[in-house]
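Structural features, examined
One letter stands for each residue in the lines below.
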Protein chains: 2
Amino acid sequence: MNHYPEAIVKLIRHLRKLPGIGEKTAERFAMYLLAAPGQEVSALAASIAELKEKVKICNTCFCLSDSETCRICSDPSRNHSLVCAVETPADMAAIEKSGAYTGVYHVLQGLLSPMDGIGPDEIRIRELVNRVAAGKVKEIIIATSTSVEGEATSDYITRSLKSYPVKITRIASGVPMGGELKYIDQVTLKKAMEARRAV
Amino acid sequence: MNHYPEAIVKLIRHLRKLPGIGEKTAERFAMYLLAAPGQEVSALAASIAELKEKVKICNTCFCLSDSETCRICSDPSRNHSLVCAVETPADMAAIEKSGAYTGVYHVLQGLLSPMDGIGPDEIRIRELVNRVAAGKVKEIIIATSTSVEGEATSDYITRSLKSYPVKITRIASGVPMGGELKYIDQVTLKKAMEARRAV
């Protein structure tokens, strides 16, 4: 590492903090940037520098947004009585890419995880309850992951909303499309059996 | 992609240009940077922005350097009569890491590749000949890759230096340490047989 000039050593040290990036890859990135056109490198530096100040959090659904209220929350063609609760903006982006959903979202920004000190107040559950309490929401789809934390969060939300006249649903779990049955784990198969439906 | 705010879409577009980085990984980097401490993100942006202006090319060996003459070329404890010719600064760093070399370097900044329009004038061969012509170099170790281009470049350098009273050597090729013979390709095995030595 100290066989490179200081500026490169520093850059490699910073790049290594990116998820999944080790010393070799960071070195490769640094060499690429050194050889890349100056304009491209400046553009990358600028877009990293301005990231935090330009990206806002939507005041309704807490997703990442260009403005105070996000595009989806301010779109009159979306069904505002249908709210899908997800863990992260990336989960929301994945559902949007599927094109299967026309309602709005609620980004919890985390999952309950007592071991990591994340309780109901650390994530946006109270805000979800407030949205329901306002009376315009007819259905909440809980689309958290099917991990232990995701299931616990789903249960907690269900209990928190019990006293409100709102339909609460959970995304289906089962065998993924294209999945070969023999490779699917037992818990998933059990769930898929339980949730079987008439064809 | 357009499910994210403009600033994130732009960052993902820039990050995708890094070698080996696709949309998913770029998205993961962007999400990481959004959640990372502001100080860390600014430091990364700054070290990318200042990279090109801070890194210089050594006027003797053409490696990456903090100053006009690099640390190795200005180190009196190195053997300046022994010059190792390599393709890139990364190759030089790899040799330095091995700790097996006490001479100086000559970074060719490329390999001959007529198909890509890279002839002897596009890489630093003339500068190598000039260093030898200056009379202080006793041995040139050609440490280019053992690829077609690396071998061609090695041959060209050998011919260019034929008329000078300098010893020209090529790094050994053979079975890599820890390599299992049955998995080694035939060309390497042939080379290893030809270059066998008494024990």
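Residues numbered from 1 in each chain as written. Chains lettered and ligands numbered in written order. Predicted model: local features only at pLDDT ≥ 70, side-chain atom pairs only at ≥ 80, totals over all residues. Heavy atoms only, no water.

1. A look at the overall build of chain A
- Counting secondary structure elements, chain A contains eight helices and six strands.
- Of the regular secondary structure in chain A, the N- to C-terminal order runs α-α-α-α-β-β-β-α-β-α-β-α-β-α.
- In terms of overall size, chain A is more extended than a compact globule, its C-alpha atoms giving a radius of gyration of 22 Å where 199 residues would be expected to give roughly 16 Å.
- By principal-axis analysis of the C-alpha atoms, chain A measures approximately 65 × 45 × 35 Å.
- When the 199 residues of chain A are sorted by exposure, 42% land in the buried category.
- Considering only intrachain contacts with a sequence separation of at least 6, the fraction spanning at least 24 residues in chain A is 44%.
- Total accessible area computed for chain A in this model is approximately 11300 Å², and 54% of it derives from carbon and sulfur atoms. (Helix = DSSP H or I, 4+ residues; strand = E, 2+ residues; numbered from the N terminus. Rg over C-alpha atoms; globule rule 2.2 N^0.38 Å. Buried < 20%, exposed > 50% of the residue type's maximum accessible area, 1.4 Å probe, protein only. Contact = heavy atoms within 4.5 Å. Areas by Shrake-Rupley, 256 points an atom, 1.4 Å probe, with all protein chains shown as cover.)

2. Description of the sheet that holds strand β4 (residues 103-107) of chain A
Residues and elements named next belong to chain A.
- Pairing in this open sheet of four strands is parallel, and the strands run β4-β3-β5-β6 from one edge to the other. Bordering the open sheet on either side are β4 and β6 (167-170), each of which pairs with just one other strand. Strand-to-strand twist across the sheet, computed as the mean angle between neighbouring axes with direction ignored, equals 25 degrees.
- Running over the sheet, helix α6 (residues 125-133) touches β3 (79-86), β4 and β5 (139-142) and is turned about 145 degrees from β4.
- Together, β5 and β6 form the strand contacts of helix α7 (residues 148-160), whose direction differs from that of β6 by roughly 170 degrees. (Pairing = 2+ DSSP bridges. Axes fitted to C-alpha atoms, helices over the stretch in contact; angles between N-to-C directions.)

3. Describing the packing of helix α1 (residues 6-15) of chain A against helix α3 (residues 38-49) of chain B
- Orientation of α1 of chain A relative to α3 of chain B, taken along the N-to-C sense of each, is 145 degrees, at an axis distance of 9 Å. The handedness of the crossing between α1 of chain A and α3 of chain B comes out as left-handed. Counted together, Lys10, Leu11, His14 and Leu15 of chain A of α1 of chain A and Ala43, Leu44, Ser47 and Ile48 of chain B of α3 of chain B form the full contact between these two elements.
- The class makeup of the residues in the contact of α1 of chain A with α3 of chain B is five nonpolar, two polar and one charged. (Left-handed = near helix turned anticlockwise from the far one by under 90°. Nonpolar A, V, L, I, M, F, W, Y, C, P; charged D, E, K, R; others polar.)

4. Topic: the interface of chain B and chain A
- Taken together, the contact between chain B and chain A spans 52 residues of the former and 52 residues of the latter.
- For the pair chain B and chain A, the summed buried area comes to about 4700 Å², and 71% of that belongs to carbon and sulfur atoms.
- Inspection of the region where chain B meets chain A yields four salt bridges.
- Among the salt bridges present, the one from glutamate 50 of chain A reaches lysine 10 of chain B, with a minimum N-O distance of 2.7 Å.
- Counting every contact that joins chain B to chain A gives 14 residue pairs in polar contact (both at pLDDT 80 or more).
- Contributions of two or more residues to the side of chain B that touches chain A are made by α1 (6-15), α2 (23-35), α3, α4 (51-54), β2 (64-65) and α5 (89-98) of chain B.
- Broken down by element, the side of chain B that touches chain A gets its largest block of residues, ten residues, from α2 of chain B.
- Of the residues in the side of chain B that touches chain A, the class split is 31 nonpolar, seven polar and 14 charged. (Buried area = accessible area lost by both parts, 1.4 Å probe. Salt bridge = Lys/Arg side-chain N within 4 Å of Asp/Glu carboxyl O. Polar contact = N/O pair within 3.5 Å; in protein donor to acceptor, adjacent residues only side chain to side chain.)

5. Re the nonpolar core
- Ile8 and Ile48 of chain A together with Ile8 and Ile48 of chain B are the most contacted members of the largest nonpolar core, which has 48 residues in total.
- Looking at this core, the elements that each hand over two or more residues are α1, α2 (23-35) and α3 (38-49) of chain A together with α1, α2 and α3 of chain B.
- If sequence neighbours within four positions are ignored, isoleucine 48 of chain A has contacts with Leu11, Leu33, Val41, Leu44, Ala45 and Ile48 of chain B.
- Counting 32 residues, the second largest nonpolar core, distinct from the first, contains Tyr105, Leu112, Ile140 and Ile142 of chain A. (Core = buried A, V, L, I, M, F, W, Y, C linked by side-chain atoms within 4.5 Å.)

6. Quick word on the relation of the copies chain B and chain A
- Superposition record for chain B on chain A: RMSD 0.0 Å, screw rotation 180 degrees, translation along axis 0.0 Å. Here the copies are linked by what is in effect a two-fold axis. If distances are taken from each C-alpha of chain B to the rotation axis, the shortest is found for alanine 45 of chain B, at 2.3 Å.
- An overlap of 100% is found between the interface residues of chain B and their copies at the interface of chain A, pointing to a shared contact surface. (Least-squares fit on C-alpha atoms with pLDDT ≥ 70 in both.)

7. Some remarks on unusual backbone geometry
- We note that glutamine 109 of chain A has phi near 60 degrees; this positive angle belongs to a residue other than glycine.
- Secondary-structure assignment places glutamine 109 of chain A in the loop between β4 and α6.

8. Details of the sheet that holds strand β4 (residues 103-107) of chain B
All names here are of chain B.
- Ordered in space as β4-β3-β5-β6, the four strands form an open sheet in which the pairing is parallel. Either end of the sheet is taken by a strand with one partner, and the two such strands are β4 and β6 (167-170). Recorded for the sheet is a direction-independent mean angle of 25 degrees between the axes of neighbouring strands.
- In the packing of α5 onto the sheet, the strands contacted are β3 (79-86) and β4, and the crossing angle to β4 comes to about 160 degrees.
- Seen against the sheet, helix α7 (residues 148-160) touches β5 (139-142) and β6 and runs at an angle of roughly 170 degrees to β6.

9. Considering the pairing of β5 of chain A
Residue and element names in this part refer to chain A.
- Alternating residues of β5 divide into Glu139 and Ile141 and Ile140 and Ile142, and every residue in both groups is buried.
- Of the strand pairs in this sheet, β3 and β5 are connected by four bridges, and their pairing is parallel. By the bridge assignment, leucine 82 is partnered in β5 with glutamate 139.
- Handedness of the β-α-β unit built from β5, α7 and β6 comes out right-handed. (Right-handed = clockwise from strand over helix to strand, strands pointing away.)

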